[in-house]
Amino acid sequence: MNDDLRNIVLGVVAAALCAALGWLARTYLWKRKLHRRQAFFGLPANAESLLVVGREAGSPELTVTRHDVFALLELSPLIKDCGAHPQVVAHDAVQQSFGDRTEFCIGGPASNRRVAAHLASMLPGIRVATDPEPAADRGSFQIGNERYRIESGKSEYALLARLTADQGHTTRPVFLFCGQRATTNQAATRYLARNHERLARKYGTGSFVLLLKVVNSSAYGPDVVELVADVTRTAQTEVPAPRKSHRAS
């Protein structure tokens, strides 16, 4: 074998080795990213998850409202990417303990009993005004000592929460998308879809509660969302009565 042929063979071997190493590196990074995503959502391959929605008003069957359909469309690719299987169920048809399967609960406590149950049992520092009176407070959030009211179409709020129980490493999380209006429910799911990698890096597999503000939904729909604050500690600590109130700005 002359020098030219030897150089060609060595070049081919080196190129093959580089390609193999590159493929192995990409595969490792892809698997690492997938495992981090699966751990964050509590969705290993072939796992089952529940998409818990409210019934449309006046419908005896499970008829999902238009905005809830949009919210489901935001979540479906996340579940599919984990290799898991979603099941859409009505809020009053879920009869299982917390942590058996990952839940994605969409809606406020007035329209979704499952959301109301999770708020009451795990987030005692949050109150959602579901009574029609006083009208100014209808739909408002009280978080600790502060109240966040609706300015319809201008400034509205939503809660995005990942909740886990201290029952061992097999416990599946519950994700809450609790908005003051139907559009803000979708805004919370879209925020998770866009930011789940950053949230996974920051919180890992722990619990968190984020207060989001949806800006000018009359013009931008669910697209413009601002993070107001991480209210995890306040949400998990019961406060008897509000002392401070302000309007959305």
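Quantities reported herein were computed from a predicted structural model and do not represent experimental measurements. (Residues numbered from 1 in each chain as written. Predicted model: local features only at pLDDT ≥ 70, side-chain atom pairs only at ≥ 80, totals over all residues. Heavy atoms only, no water.)

## Quick look at the pairing of strand 1 (residues 48–53)
Right, on to step 1. For strand 1, a buried count of five out of six residues is recorded, marking the element as mostly surrounded by other parts of the structure.
Right, on to step 2. Pairing geometry for strand 1 and strand 3 (residues 102–106), over four bridges, is parallel. Paired with Val52 across the two strands is Cys105, which belongs to strand 3. (Buried < 20%, exposed > 50% of the residue type's maximum accessible area, 1.4 Å probe, protein only. Helix = DSSP H or I, 4+ residues; strand = E, 2+ residues; numbered from the N terminus. Pairing = 2+ DSSP bridges.)

## Re helix 3 (residues 113–122)
Along an α-helix, residues three or four positions apart point the same way, because every turn accommodates 3.6 residues.
Right, on to step 1. Residues of helix 3 that are buried include every one of Arg114, Val115, His118, Leu119 and Met122, and no others. With its buried residues spanning 135 degrees around the axis, helix 3 presents them on a single face. Projecting away from the buried face of helix 3 at angles above 90 degrees are the exposed residues Arg113, Ala120 and Ser121.
Right, on to step 2. Buried residues belonging to helix 3 abut strand 1, strand 3, strand 4 (126–128), strand 7 (155–163), strand 8 (174–179) and helix 6 (232–235). (Arc of directions from axis to C-beta. Contact = heavy atoms within 4.5 Å.)

## Description of the side chain of Arg190
Right, on to step 1. Turning to its location among the elements, Arg190 is positioned in helix 4 (residues 182–203).
Right, on to step 2. When residues no more than four places from it in sequence are discounted, the contact partners of Arg190 are Glu74, Pro222 and Asp223.

## Considering the sheet that holds strand 1
Hydrogen bonding along the main chain pairs the strands of a sheet, whether they run parallel or antiparallel.
Right, on to step 1. Here we have seven strands laid out as an open sheet, ordered 2-1-3-8-7-9-10, and mixed in their pairing. Whereas interior strands pair on both sides, the edge strands pair on one side only; in this sheet they are strand 2 (85–90) and strand 10 (225–230). For this sheet, the mean inter-axis angle between neighbouring strands, taken without regard to orientation, is 20 degrees.
Right, on to step 2. The sheet contacts of helix 3 involve strand 1, strand 3, strand 7 and strand 8, and relative to strand 8 the element is tilted by about 105 degrees. (Axes fitted to C-alpha atoms, helices over the stretch in contact; angles between N-to-C directions.)

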